[in-house]
Number of protein chains: 2
Amino acid sequence: MRIYLAGPDVFLPNAGEIAAAKKDVCARYGAIGVFPTDPIADSAADAAQERFLEIYLRNEAHIRQCDALIANLTPFRGPSADAGTVYELGFMRALGRPVAGYANTTRHFAARTRDFLGAAAQQRPDGGWVDGEGLSLEDFGRHDNLMIDGGIAAAGGSLITRDVPEHLRWQDLGAFEACVATLMQPLRGAA
Amino acid sequence: MRIYLAGPDVFLPNAGEIAAAKKDVCARYGAIGVFPTDPIADSAADAAQERFLEIYLRNEAHIRQCDALIANLTPFRGPSADAGTVYELGFMRALGRPVAGYANTTRHFAARTRDFLGAAAQQRPDGGWVDGEGLSLEDFGRHDNLMIDGGIAAAGGSLITRDVPEHLRWQDLGAFEACVATLMQPLRGAA
């Protein structure tokens, strides 16, 4: 099984190390991990005139060639996961293939959004919260926006969250490994 | 043509008004606008045990039943667009149908991310920027994460950005209407 490794990990100073470590975890479970920056032979990407589109087309081709996707949903520069990662999760869900996600925090979306808004967050008489412009805060007691949690649930996948020390949240691969294990479990059970 | 109207508009205090206004714009161009909160007859959604999953399955069913999608990509609580909207954009792109996006700001992603990070953003000797933890800032001079701009470009769609007064950025539908016009143009030309 080829697993696309979606996440903001590509922005890390040690992205190469994390890519290798994630691939090692996958290999231990009999899977092939595919990192977004892995080279690819793809004529559409080669033909792109602009660098951003070349990278996009490579990532899209990688996803199409993978059997499953694991998304690093650790919140990234705001209350939600990295936008590129969320796009890729939606893309793979639409292809109908297995998806899983993990985050190195157990704090819920509504609480993180209130943290982010600070004093601008206001509670309404009915108990719901709004931001400084009156836009409501989503609160279903879930990890992130319901399209993320819902997409993984609809696909029958796992969303695994764990608390790790703040300074290790981009490096700790415990929850990632748990995702690999759940994706590979049916195959190993059948072997 | 049925157009799914993705965006954080669902969180607005006047979400119903905006939904009606967007549908009116679509109707003027001969299209049917479908708002995420529109009711739907869908057995999977009805059978969902949990409210977040019921909403997810309804939105997913709406997207599958639409011919195109317009995403409101105005930055939402951070440098990027609303996570649910980005998920839906990736989903529709994977279905291979037309997508378009708009934002009521012309400020680029890298500049918005630096605004967000403040003093934590640091410029490297090579000119690139990193955050306080050393994670790099994406900078291709684009509107948002390259998966968003790239997905729309790969689909041959339009990403229309305009500056409007800050307090009108959730209400102004000028850029939205421009998206409807570009989606409907080929059909009207052929009629």
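Residues numbered from 1 in each chain as written. Chains lettered and ligands numbered in written order. Predicted model: local features only at pLDDT ≥ 70, side-chain atom pairs only at ≥ 80, totals over all residues. Heavy atoms only, no water.

Caption draft 1: Main features of the environment of A:Asp82. Secondary-structure assignment places A:Asp82 in the loop between strand E3 (68–72) and helix H4 (83–95). Taking the C-alpha atoms as reference points, A:Asp82 and A:Gly7, separated by 75 residues in sequence, lie 7.0 Å from one another. Setting aside anything within four residues of it in sequence, one finds A:Asp82 in contact with A:Gly7, A:Pro8, A:Phe11, A:Phe76 and B:Asn145. (Helix = DSSP H or I, 4+ residues; strand = E, 2+ residues; numbered from the N terminus. Contact = heavy atoms within 4.5 Å.)

Caption draft 2: The relation of the copies chain A and chain B, seen in detail. Of the transformation placing chain A onto chain B, the axial shift is 0.0 Å and the rotation is 180°, giving an RMSD of 0.0 Å. Taken together, the rotation and translation relating the two chain copies correspond to the operation of a two-fold axis. Most of the interface of chain A is mirrored in chain B: 100% of its interface residues are interface residues there too. (Least-squares fit on C-alpha atoms with pLDDT ≥ 70 in both.)

Caption draft 3: Seen up close, the sheet that holds strand E2 (residues 32–34) of chain A. Residue and element names in this part refer to chain A. Overall, parallel pairing links the 5 strands, which are arranged E2-E1-E3-E4-E7 in an open sheet. Two strands close off the open sheet at either side, each with one partner strand: E2 and strand E7 (159–161). For this sheet the average axis-to-axis angle between neighbouring strands, irrespective of direction, equals 20°. Across 3 bridges, the pairing between strand E1 (residues 2–6) and E2 is parallel. Pairing of isoleucine 3 across the sheet is with glycine 33, part of E2. (Pairing = 2+ DSSP bridges. Axes fitted to C-alpha atoms, helices over the stretch in contact; angles between N-to-C directions.)

Caption draft 4: Structural detail: unusual backbone geometry. Even without being glycine, A:Arg77 reaches a positive phi, approximately 50°. Within the element layout of this structure, A:Arg77 appears in the loop between E3 and H4.

Caption draft 5: Local environment of the interface of chain A and chain B. Listed as interface residues are 55 residues of chain A and, on the opposing side, 55 residues of chain B. Each partner contributes to the roughly 4400 Å² buried at the junction of chain A and chain B, and carbon and sulfur atoms together form 69% of this total. By the criterion of area lost to chain B, the three top residues of chain A are A:Phe52, A:Arg77 and A:Met147, representing 19% of everything that side buries. Viewed at the interface, chain B and chain A are joined by 8 salt bridges. Residue A:Asp131 pairs with B:Arg77 through a salt bridge whose shortest N-O separation is 2.9 Å. Secondary structure elements with two or more residues in the side of chain A that touches chain B: helix H3 (51–64), H4, helix H5 (109–117) and helix H6 (146–154) of chain A. Sorting elements by how many residues they give to the side of chain A that touches chain B places H4(A) first, with 11 residues. When grouped by side-chain class, the residues that make up the side of chain A that touches chain B number 29 nonpolar, 11 polar and 15 charged. (Buried area = accessible area lost by both parts, 1.4 Å probe. Salt bridge = Lys/Arg side-chain N within 4 Å of Asp/Glu carboxyl O. Nonpolar A, V, L, I, M, F, W, Y, C, P; charged D, E, K, R; others polar.)

Caption draft 6: Here's a closer look at H6(A). For H6(A), the tally of buried residues reaches 7 of 9 residues, placing the bulk of the element in the interior. Restricting attention to buried positions, one finds in H6(A) the residues A:Leu146, A:Met147, A:Ile148, A:Asp149, A:Gly150, A:Gly151 and A:Ile152. For H6(A), the elements touching its buried residues are H4, strand E4 (99–103) and E7 of chain A together with helix H3 (51–64) and helix H4 (83–95) of chain B. One side-chain oxygen of the residue at the start of H6(A) lies 2.9 Å from the amide nitrogen of A:Met147, identifying that residue as A:Asn145. (Buried < 20%, exposed > 50% of the residue type's maximum accessible area, 1.4 Å probe, protein only. Polar contact = N/O pair within 3.5 Å; in protein donor to acceptor, adjacent residues only side chain to side chain.)

Caption draft 7: Just the side chain of A:Arg77, in detail. Using a relative accessible area of 15% as the deciding quantity, one classes A:Arg77 as buried. A polar atom in the side chain of A:Arg77 sits 3.1 Å from the backbone oxygen of B:Leu135. Among the polar contacts made by the side chain of A:Arg77, one reaches the main-chain carbonyl oxygen of B:Ser136 at a distance of 3.1 Å. Excluding its chain neighbours within four sequence positions, the residues that come into contact with A:Arg77 are B:Gly78, B:Pro79, B:Thr113, B:Phe116, B:Leu117, B:Asp131, B:Leu135, B:Ser136 and B:Leu137.

Caption draft 8: Summary view of the nonpolar core. Judged by nonpolar contacts, the single largest core of 58 residues is most densely connected at A:Tyr56, A:Leu69, A:Leu89, B:Tyr56, B:Leu69 and B:Leu89. When sequence neighbours within four positions are dropped, the list of residues in contact with B:Leu89 reads A:Tyr87, B:Leu69, B:Ala71, B:Val99, B:Ile148 and B:Ile152. (Core = buried A, V, L, I, M, F, W, Y, C linked by side-chain atoms within 4.5 Å.)

Caption draft 9: Structural context of the pattern of salt bridges. Under the criterion given, the structure shown has 28 salt bridges over all chains. Among the salt bridges present, the one from A:Arg142 reaches B:Glu50, with a minimum N-O distance of 3.7 Å. Separated into two different chains, A:Arg142 in the loop between strand E6 (129–130) and H6 and B:Glu50 in the loop between helix H2 (43–47) and H3 make up a pair that spans both. Looking at A:Arg142, the relative accessible area reads 24%, which means it is partly exposed. Among the salt bridges present, the one from B:Lys23 reaches B:Asp38, with a minimum N-O distance of 2.8 Å. You can see B:Lys23 sitting in helix H1 (residues 15–28) and its partner B:Asp38 sitting in the loop between strand E2 (32–34) and H2, a full 15 residues away along the chain.

Caption draft 10: Layout of the sheet that holds E2(B). Residues and elements named next belong to chain B. Spatial ordering of the open sheet is given by E2-E1-E3-E4-E7, a layout of 5 strands whose pairing is parallel. Looking along the sheet, the strands with just one partner apiece sit at the ends: E2 and strand E7 (159–161). Strand-to-strand twist in this sheet, taken as the mean axis angle between neighbours without regard to direction, amounts to 20°. Looking at chain direction, strand E4 (residues 99–103) and E7 are connected through 3 bridges and run parallel.

Caption draft 11: Summary view of the packing of aromatic side chains. Within the structure shown, the criterion is met by 11 aromatic pairs over all chains. When the ring of B:Tyr102 is compared with that of B:Phe176, the centres are 5.8 Å apart and the planes differ by 65°; the resulting orientation is edge-to-face. Taken together, the residues B:Tyr102 in strand E4 and B:Phe176 in helix H7 (residues 174–190) connect sequence positions 74 residues apart. A single burial state applies to B:Tyr102 and to B:Phe176, both of which are buried. Taken together, the aromatic side chains of A:Phe11, A:Phe76 and A:Trp170 make up a single cluster linked through ring pairs. Over the face of the ring belonging to A:Phe176 we find A:Lys22, whose NZ or CZ atom lies 4.8 Å from the ring centre. Cation over ring: B:Arg114 sits above B:Trp129, and NZ or CZ is 4.9 Å from the ring centre. (Phe/Tyr/Trp six-rings, centres within 6.5 Å; stacked < 30°, edge-to-face > 60°. Lys NZ or Arg CZ within 6 Å of the ring centre and 35° of its normal.)

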